[in-house]
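# Descriptive structure summary
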Amino acid sequence: MLVVVVGVVTLSLTANALLEQAVPPDQVATVRTAVIQALTIAALAATIAGLTTSILLVQVILRSLRSIARSSQRIAAGRYDERVIVPASDELRAVAESFNQMAEALEQIEQRRVAMIGNVAHELRTPLAGIEGYLEGLIDGVLPAEADTFLDMKQEVRRLRRLVDDLQTLSRVEAGQISLNFTTFDINEVIRRVVSQLQPQVLDGCLQVICERTDQPLLTRADPDRVAQILLNLLGNAVRYTPEGGCITVRSALVGEQVRVTVEDTGIGIAPEHLPYIFERFYRADPSRSRASGGSGIGLTIARHLAWAMGGDISAASAGLGKGSTFTLTLPRGTT
Ligand code: ADP
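Residues numbered from 1 in each chain as written. Predicted model: local features only at pLDDT ≥ 70, side-chain atom pairs only at ≥ 80, totals over all residues. Heavy atoms only, no water.

Taken together, 23 residues are adjacent to the ligand, and Asn237, Arg240, Tyr241, Ala285 and Leu300 come closest. A distance of 2.9 Å separates an oxygen atom of the ligand from a polar side-chain atom of Tyr241. With the chains in place, 98% of the 530 Å² that the ligand exposes on its own is no longer accessible. Contributions of two or more residues to the shell around the ligand are made by helix H7 (224–240), helix H9 (299–309) and strand E7 (325–332). (Near = heavy atom within 4 Å. Polar contact = N/O pair within 3.5 Å; in protein donor to acceptor, adjacent residues only side chain to side chain. Areas by Shrake-Rupley, 256 points an atom, 1.4 Å probe, with all protein chains shown as cover. Helix = DSSP H or I, 4+ residues; strand = E, 2+ residues; numbered from the N terminus.)

If you want it as structure tokens, here you go:
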């Protein structure tokens, strides 16, 4: 509107000046009337065209905004597959695309949540079915009410407890709620402690554990208890997945600004198609085997989150099935 007013005023001033110079004085009045009429018609046409364009534009914007508002309400009501149609105009396209990306992220979170509930239910079912079986056997008199039966039942209860404890740790570590006591300590000392803690299982499996490390203390800046928890998981897995007579080698070294601990075993190895997923919750390369050996399938997920929380990382490598595995933990080095 402002453009039209400014245009009309400028044109009439210019036309007036030209009229006085170029038109004989007796015709000025006639020509001026004609010019004013022409300008009025042009101004009206420009105003109508401008208004029509604005109304159309506002309607397009409003339609898109209404569609986004409707979609966000559907998403809020749990319809995570909802998406908006991406409009042609640049600005609205950017808004619609961002909205669709957000909806996609929400859908993935929801899918993971649903999968998590399914996994937890599945994991709980196994020990519960075991306990139920023992109880039924006892009630029917098929199983004797003896210490051995109760010890077997206790084993199932222990498995249940471990699963619940792991789930609690997982939820806290994923929410970043785990408290860490950072100190500078000798990681070789922690390795020694964890290896001696696992000695009974190592002897049971007729395994050999070799520790390759320097005699100097290897200073690390992290939480020693959490580092022990990670190493217990890595070494525990190595013991669990290495058949009798196998060998586990633990190496520790300073690499640049990082302390690196590798746990290498000569065990069953991991097939390449499973390798990228073994740090995911409840992922097992061989479900029957790891469940039978008491694994919850979330030990590595917890271990990796703990390593991340301490500024480190864990990675896995394996040449394939039957060719052993190597897990590498890196942590920031410590200084005195
Ligand atoms: P679990 O409690 O089942 O061992 P983890 O999260 O610790 O769960 O490990 C996930 C999966 O990774 C295991 O089920 C197993 O398939 C594989 N895995 C872990 N460590 C090893 C290893 N040292 N050798 C072979 N497979 C392993």
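Now that the structure is up, let's keep going.
Glancing now at the packing of H7 against H9. Contact geometry of H7 with H9 gives a least axis separation of 10 Å together with a crossing angle of 145 degrees. Pair H7 / H9 crosses with left-handed handedness. Side by side, H7 and H9 meet where Arg226, Gln229, Ile230, Asn233, Leu234 and Asn237 of the first sit next to Gly299, Leu300, Ile302, Ala303, Leu306 and Ala307 of the second. Classifying every residue of the contact of H7 with H9 by side-chain character gives 7 nonpolar, 4 polar and 1 charged. (Axes fitted to C-alpha atoms, helices over the stretch in contact; angles between N-to-C directions. Left-handed = near helix turned anticlockwise from the far one by under 90°. Contact = heavy atoms within 4.5 Å. Nonpolar A, V, L, I, M, F, W, Y, C, P; charged D, E, K, R; others polar.)

Here we take up the side chain of Thr220. Considering the arrangement of structural elements, one finds Thr220 in strand E3 (residues 219–222). Given a relative accessible area of 0%, Thr220 falls into the buried group. Within the local environment of Thr220, its side chain forms a polar contact with the backbone oxygen of Leu218, the two atoms lying 3.4 Å apart. Those residues in contact with Thr220 that lie beyond four places of it in its chain are Thr183, Thr184, Phe185, Ile187, Val259, Leu331, Pro332, Arg333 and Gly334. (Buried < 20%, exposed > 50% of the residue type's maximum accessible area, 1.4 Å probe, protein only.)

The next point concerns the side chain of Asp186. Following the sequence through the fold, Asp186 ends up in strand E1 (residues 183–186). We note that Asp186 is buried and unpaired, the nearest opposite charge coming from Arg192 at a distance of 4.5 Å. A distance of 3.0 Å separates a polar atom in the side chain of Asp186 from the backbone nitrogen of Asn188. Leave out the neighbours within four places in its chain, and Asp186 touches Arg192, Pro217, Leu218 and Leu219. (Lys, Arg positive; Asp, Glu negative; His and termini not counted. Salt bridge = Lys/Arg side-chain N within 4 Å of Asp/Glu carboxyl O.)

On to a nonpolar patch on the surface. Taken together, the side chains of Leu57, Val58, Ile61, Leu62 and Leu65 define a hydrophobic patch exposed on the protein surface, amounting to about 410 Å² of accessible area. Its place among the elements puts Leu62 in helix H2 (residues 28–76). (Patch = residues over 30% accessible without salt bridge, like charges linked within 9 Å, V, L, I, M, F, W, Y side chains within 5 Å.)

This next bit is on the sheet that holds strand E6 (residues 313–318). Taking strand neighbours across the sheet as the criterion, the 5 strands line up as E2-E4-E5-E7-E6 in an open arrangement whose pairing is mixed. Bordering the open sheet on either side are strand E2 (208–212) and E6, each of which pairs with just one other strand. Recorded for the sheet is a direction-independent mean angle of 15 degrees between the axes of neighbouring strands. As paired strands, E6 and E7 are joined by 6 bridges and run antiparallel to one another. (Pairing = 2+ DSSP bridges.)

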